[in-house]
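Listed here are the chains, written in short residue letters.
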Amino acid sequence: MSHQWTYAFASAIGTSHTKTDSPMQDFCLCEIVEEWGGFDVLIAVVSDGAGSAPRSQEGAELTCHTFVTTVRDWLEQSGLENVDVNLLKRAQTICRNAVVQMAEEADTLLSDYACTLIGAIVWDNQAALIQVGDGAVVYTRVDTPEKYELFTPPAKGEYANTTYFLTDAEERLEQTVCLELIDGSLSQVALFTDGIERLCLDFKTETPFAPFFDVMFRSLMNGQRSASELSNGLGKFLASQEVNSRTDDDKTLVLAMRLPTSTPLDIPA
Amino acid sequence: MADYNDQVPFTIDTTWADAVFAENPEPRCPVILLLDTSGSMSGAPITQLNEGVRAFKSELLSDEVAVKRVEIAVVSFGPVQVVSEFQAADTFMPSDMRASGDTPMGAAIEKGLAMVAERKQTYKRNGIQYYRPWIFVFTDGSPTDKWQRAAELVREGEASKAFMFYAIGVEGANMATLAQIATRQPMKMRGLAYKEFFAWLSSSLNAVSRSSPGELVPLPNPSGWGYAE
């Protein structure tokens, strides 16, 4: 069975990190999983490690792998039936616990691994989204393909250089996490870290900047190319002078698009 | 771009490269200087101060990020006077201040805090992100007005992380009173090291104005211009 989705995901190091010899602290993953009932489900995740945390790139990488593995296992074992807000919350706890364990094993502070988490599970007629910290999710619906919607604005503190992390105290996390089950069929989804926020969101109106996403999704549609070829092209774009002249931070973008030939089944109520 | 790419077979990169970017205003880093220009500052002190402020402007201008993000306001006291409203380094035109009058530091601090609060509102209205404001007060004496309310406002603001407030005493300053106003330890300036101070401030701002979320910004060592008593 051919997949219903085409997708690409990539991260590129920021020029400020190159200058100071610090590592890239962004990470992302995206894959299509065939769930227990045979439907294709998109799993996407991005994480941005805090600049101040010495091991945040490990935190970001572990968070992404844990999120994808956890969700994939659930889908393969029990299908879509139980995917809801509570399950997202469990995924968040499992990701956080994985980082907690890593910190304990290394005998270091949890905050050394500080990182954000944005995750998406998208299937035929619903999507489950989670966000801790900055960066954002932008999507369109099959019914309104022209209208880009922002899941939630990047969660900054008051100041430009503050945000929230998966590794924050659990009581704080409870306040800052954004979880939602969206009814309806999404046709395009983008997840990204704060490094490209200023390029693709209009901050004044807190809305997605449509011309940016138009080109990104059009690029995804160009020819029948594999996810790795597309990701390669996306990665080169993120590392390009054009992008680097506008941001010196690490930047990550995941793009996924439902193929037009495979619109979801219309199941009568 | 099309005319160039049309000559080569289609490559993925060319389509991504058509990206159009949102033009958002730069995040801003507001700094306000509250400067004692009372009578006791006349002579070398006021001359050095004026030179320091001019040097500050040119140092900020030499940093491509700071020049877009740092906004400076200046209030002098003796009497309280807004020398310059918040503006970017390139439009900031520091006019020479003259020494005269007494030292209404309390009123100057209250004025400065009000200007910072108002600036934040302007940023919010316009969808501009901002860094935590920096407030510096310089004096070579003691406040001649009531400063207790100002001290209370500083305490509240520091506790709620509304700004960072630094007090710097020049030779002759009443460091004990400064310590009652500022929650951070006041610094004593070495001689008239205004130039060194402003060089330090400019490199600190260069670092902060390009910092990203979660980043702790190590500030340069201030020992070139001052020390904690």
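Refer to the structure printed above.
Below is a short write-up of the structure. (Residues numbered from 1 in each chain as written. Chains lettered and ligands numbered in written order. Predicted model: local features only at pLDDT ≥ 70, side-chain atom pairs only at ≥ 80, totals over all residues. Heavy atoms only, no water.)

## A short note on the overall build of chain A
Defined as follows: To qualify as a helix, a DSSP run of H or I must reach at least 4 residues; to qualify as a strand, a run of E must reach at least 2; elements of each kind are numbered from the N terminus. We compute the radius of gyration over the C-alpha atoms and compare it with the globule rule, which gives 2.2 Å times the number of residues raised to the power 0.38. Working rule for contacts: check all heavy atoms of both residues, and any pair within 4.5 Å makes them a contact. Surface accessibility in these figures is a Shrake-Rupley result with a 1.4 Å probe; residues are shielded only by whichever protein chains are displayed. His is not counted here, nor are the chain ends, while Lys and Arg score as positive and Asp and Glu score as negative. Lysine's charge is taken at NZ, arginine's at CZ, aspartate's at CG and glutamate's at CD.
Counting secondary structure elements, chain A contains eight helices and 12 strands. For chain A, the C-alpha radius of gyration of 18 Å lies close to 18 Å, the compact-globule estimate for 269 residues. Expressed along its principal axes, the backbone C-alpha trace of chain A runs to roughly 50 × 40 × 35 Å. Sequence-distant contacts, at least 24 apart, represent 72% of the contacts inside chain A between residues at least 6 apart. Counting every atom, chain A has about 11300 Å² of accessible surface; 49% of that belongs to carbon and sulfur. If the 18 positive side-chain charges of chain A are averaged to one point and the 40 negative ones to another, these points end up 7 Å apart.

## Let's talk about the sheet that holds strand β3 (residues 40–48) of chain A
All names here are of chain A. Stated formally: The pairing criterion is simple: DSSP has to find at least two bridges between the two strands. Throughout, an axis means a line fitted to C-alpha atoms (over the contacting stretch in the case of helices), and angles, computed between N-to-C directions, take values from 0 to 180 degrees.
What the five strands build is an open sheet, ordered β2-β3-β4-β5-β8; its pairing is antiparallel. Of all strands in the sheet, those with a lone pairing partner are β2 (26–34) and β8 (178–183), marking the two edges. This sheet shows a mean twist of 10° between the axes of neighbouring strands, independent of strand direction. Alignment of β2 against β3, held across nine bridges, turns out to be antiparallel. In the strand pairing of β3, I32 is matched with L42. Strands in contact with helix α3 (residues 85–106) are β4 (117–122), β5 (126–132) and β8; relative to β8, the strand with the most contacts, it is inclined by about 145°.

## Details of the interface of chain A and chain B
Interfaces are often sized by the accessible area lost when the parts come together. To keep things clear, this is the line we draw: The quantity reported as buried area is the accessible area (1.4 Å probe) lost by two parts once they are put together, taken as the sum for both. Each reported salt bridge corresponds to a side-chain nitrogen of Lys or Arg within 4 Å of a carboxyl oxygen of Asp or Glu. As used in this structure description, the phrase polar contact means that two N or O atoms lie within 3.5 Å; if the pair is within protein, one of them must be able to donate a hydrogen and the other to accept it, and residues adjacent in sequence are counted only when both atoms belong to side chains. Just so you know the grouping, Ala, Val, Leu, Ile, Met, Phe, Trp, Tyr, Cys and Pro go in nonpolar, Asp, Glu, Lys and Arg go in charged, and all remaining residues, Gly too, go in polar.
Chain A puts 42 residues into the contact, and the matching count from chain B is 37 residues. Of all residues in chain A, the largest losses of buried area upon contact with chain B belong to Y159, N161 and R198 of chain A, amounting jointly to 23% of the total for that side. Along the contact surface separating chain A from chain B lie one salt bridge. We note a salt bridge from E158 of chain A to K120 of chain B, for which the minimum N-O separation is 3.0 Å. Across the chain A-chain B interface, the total number found is 12 residue pairs in polar contact (both at pLDDT 80 or more). Of all the secondary-structure elements, those providing two or more residues to the side of chain A that touches chain B are α5 (197–200), β10 (201–202), α6 (210–220), α7 (227–238) and α8 (241–244) of chain A. Among the residues forming the side of chain A that touches chain B, the class breakdown is 19 nonpolar, eight polar and 15 charged.

## Some details on the environment of V138 of chain A
All names here are of chain A. Let me state the cut-off plainly: Here the term buried applies to any residue with accessible area under 20% of the maximum for its type, exposed to any over 50%, and partly exposed to those in between, with areas from a 1.4 Å probe on protein chains only.
Here V138 lies in strand β6 (residues 136–141). Using a relative accessible area of 0% as the deciding quantity, one classes V138 as buried. The residues contacting V138, other than those within four sequence positions of it, are Y148, E149, L150, Q188, V189, A190, F192, L201, P208 and F213.

## Remarks on the sheet that holds strand β1 (residues 5–12) of chain A
Residue and element names in this part refer to chain A. If you trace the five strands from one edge of the open sheet to the other, you get β1-β12-β9-β6-β7, paired in antiparallel fashion. Looking along the sheet, the strands with just one partner apiece sit at the ends: β1 and β7 (149–150). When β6 meets β7, the two strands line up antiparallel, connected through two bridges. Counterpart to V138 in the pairing with β7 is L150. Packed onto the sheet, α6 meets β1, β6, β9 (186–192) and β12 (251–258) and runs at close to 65° relative to β12. Across the sheet, α7 touches β1 and β12, and the angle it forms with β1 is around 35°.

## What to know about helix α8 (residues 194–208) of chain B
This is how the line gets drawn: In this analysis, the expected span of each helix is defined as 1.5 Å times one less than the number of residues it contains.
Between its terminal C-alpha atoms α8 of chain B stretches 21 Å, which fits the 21 Å expected from 15 residues at 1.5 Å a residue. Along α8 of chain B, the positions that sit buried rather than exposed are Y194, F197, F198, W200, L201, S202, S204, L205, N206 and V208 of chain B.

## Observations concerning unusual backbone geometry
With omega at -5°, the peptide bond leading from G78 of chain B into P79 of chain B counts as cis. With respect to the helices and strands, P79 of chain B occurs in the loop between β2 (70–77) and β3 (81–88). In the Ramachandran plot, D107 of chain A falls in the positive-phi region, its phi being about 55° despite a non-glycine side chain. Along the chain, D107 of chain A turns up in the loop between α3 and β4. Take D107 of chain A: its relative accessible area is 70%, and that puts it in the exposed class.

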